[in-house]
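So the chains spell out like this:
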Amino acid sequence: MPRCLRRFGWVGLLGFLVLGCETAKHAGENVLYGINPVATTDALVLGVSTHGTYLLVSLAGPLAELRFFAPATEACRQVLAPDARVNYEKSGVFGRFRRDDSSCDPVGVASLAAWRDRQPRRRGPPVPRATARYHLVQQDPELIFLRGRFPLASRVNIPGGYDLVAVLPNSEPCAAVAAQGEASLEFRVAGPEPFQMLAGGPICDVFGFALPLEIPKS
């Protein structure tokens, strides 16, 4: 093969690889955009409570059946103030809230049945099971936050199942599950409790999932 053709071949291959990477990048962005099942809409903030590094937000309007976790930052507190009217945009995994010129990106959902029911149904075992491994990162009188491996979260298109935060009610069964550091995680395609955890005792219903947030150093 002439040298010029060999050179063109290498250049063409390099261009193909670059184009392929860019195509994959944009395809990944489209997939990420597409997994958020909530339409863009306006909503009223009914209530906000603080749980360590997270805000738990309840809404009225088309999003009334959904509760979100957001970072407990000053910016998110201003956007998601009680009685504030906000615009919810379909963006990424959990969307984006806008109010005037400010925005806040939620990092989790605390209405797993409603979130699941907005997703297309997937075929598979009626009650798939997987092992969850985790450690306690924070808790308060109402909620327990466990960070670790929760692979079945992908069943409702929540990514990061190998580094995710599961939020549990601070009840006796869930406190016992949290203390174990490992449990069987089950997912149900129908019913009021999509995710349940068992560790040799009573069942613990998972309250929500959220992306990890680093705890600020004091």
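Residues numbered from 1 in each chain as written. Predicted model: local features only at pLDDT ≥ 70, side-chain atom pairs only at ≥ 80, totals over all residues. Heavy atoms only, no water.

1. What to know about the nonpolar core
Next up, step 1: Within the largest apolar cluster, 48 residues are counted, with the highest numbers of intra-cluster contacts made by F97, W115, F150, I158, F195, M197 and F209.
Next up, step 2: Other than its neighbours up to four places away in sequence, I158 contacts F94, V109, L112, W115, A153, L164 and F209.
Next up, step 3: F69, V167, F207 and A210 belong to the second-largest nonpolar core, a separate cluster that totals 11 residues. (Core = buried A, V, L, I, M, F, W, Y, C linked by side-chain atoms within 4.5 Å. Buried < 20%, exposed > 50% of the residue type's maximum accessible area, 1.4 Å probe, protein only. Contact = heavy atoms within 4.5 Å.)

2. Things to note about the state of the cysteines
Next up, step 1: Summed over all chains, the structure comprises 2 disulfides.
Next up, step 2: With its sulfur 2.0 Å from that of its partner, C76 forms a disulfide with C104. Taking the sign of the S-S torsion, 95° for the link of C76 and C104, the bridge is right-handed. A residue pair is termed long-range when its members are at least 10 positions apart, and C76 in helix α2 (residues 74-79) and C104 in strand β6 (residues 102-104) qualify at 28 residues. Side by side, C76 and C104 carry an identical accessibility label, which is buried.
Next up, step 3: Disulfide pairing is shown between C174 and C204; the S-S distance is 2.0 Å. Residues C174 and C204 are joined through a disulfide that is right-handed, its torsion about the S-S bond being 100°. Taken together, the residues span a long stretch of sequence, with C174 in helix α4 (residues 172-180) and C204 in strand β13 (residues 204-205) at a distance of 30 residues.
Next up, step 4: Classification of C204 by relative accessible area gives buried; the value is 0%.
Next up, step 5: In the chain, the bonded cysteines, numbered by position in the sequence, are linked as 1-2, 3-4. (Disulfide = S-S within 2.5 Å. Helix = DSSP H or I, 4+ residues; strand = E, 2+ residues; numbered from the N terminus.)

3. A short note on α4
Next up, step 1: Along α4, the positions that sit buried rather than exposed are C174, V177 and A178. Down the axis of α4, the buried set is contained in an arc of 100°. They therefore lie on one face. The outward face of α4, more than 90 degrees from its buried face, is lined by the exposed residues E172, A179 and Q180.
Next up, step 2: Tucked inside the fold, the buried residues of α4 contact β8 (129-139), β9 (143-149), β10 (164-169), β11 (182-187), β12 (195-198) and β13.
Next up, step 3: Positive phi shows up at G181, right after α4, with a value of about 80°. (Arc of directions from axis to C-beta.)

4. Remarks on the pattern of salt bridges
Next up, step 1: The final tally for this structure, using the stated rule, is 8 salt bridges.
Next up, step 2: When the shortest N-O distance is used, the salt bridge between R96 and D105 registers 2.6 Å.
Next up, step 3: Looking at R96, the relative accessible area reads 24%, which means it is partly exposed.
Next up, step 4: Judged by its relative accessible area of 32%, D105 is partly exposed.
Next up, step 5: For R188, the salt bridge goes to E186, with nearest N and O atoms at 3.1 Å.
Next up, step 6: Among the residues examined, E186 registers a relative accessible area of 7% and is labelled buried.
Next up, step 7: Salt bridges sharing partners connect three or more residues here, namely R129, E186 and R188. (Salt bridge = Lys/Arg side-chain N within 4 Å of Asp/Glu carboxyl O.)

5. A few points about the environment of A199
Next up, step 1: Mapping A199 onto the fold places it in the loop between β12 and β13.
Next up, step 2: We classify A199 as partly exposed; its relative accessible area is 28%.
Next up, step 3: Placed 19 residues apart in sequence, A199 and Q180 show a C-alpha to C-alpha distance of 7.1 Å.
Next up, step 4: Residues in contact with A199, not counting those within four places in the same chain, are V177, Q180, E182 and A183.

6. Comments concerning the confidence of the model for the chain
Next up, step 1: Considering every residue of the chain, the mean pLDDT works out to 84; 82% of them sit at 70 or more.
Next up, step 2: In this model residues 1-34 is a low-confidence stretch, pLDDT under 50, and it forms 6 contacts with partners more than four residues away in sequence or in other chains. (pLDDT = per-residue confidence, 0-100.)

7. Description of the pairing of β8
Regular strands have side chains that alternate between both faces of the sheet.
Next up, step 1: Sheet topology places β8 next to β11; 5 bridges connect them, and they run antiparallel. When the sheet's bridge partners are listed, T131 is paired in β11 with S184.
Next up, step 2: Alignment of β8 against β9, held across 6 bridges, turns out to be antiparallel. The partner of Y134 across the bridge, within β9, is G148.
Next up, step 3: Adjacent in sequence and paired antiparallel, β8 and β9 are bridged by 3 residues. (Pairing = 2+ DSSP bridges.)

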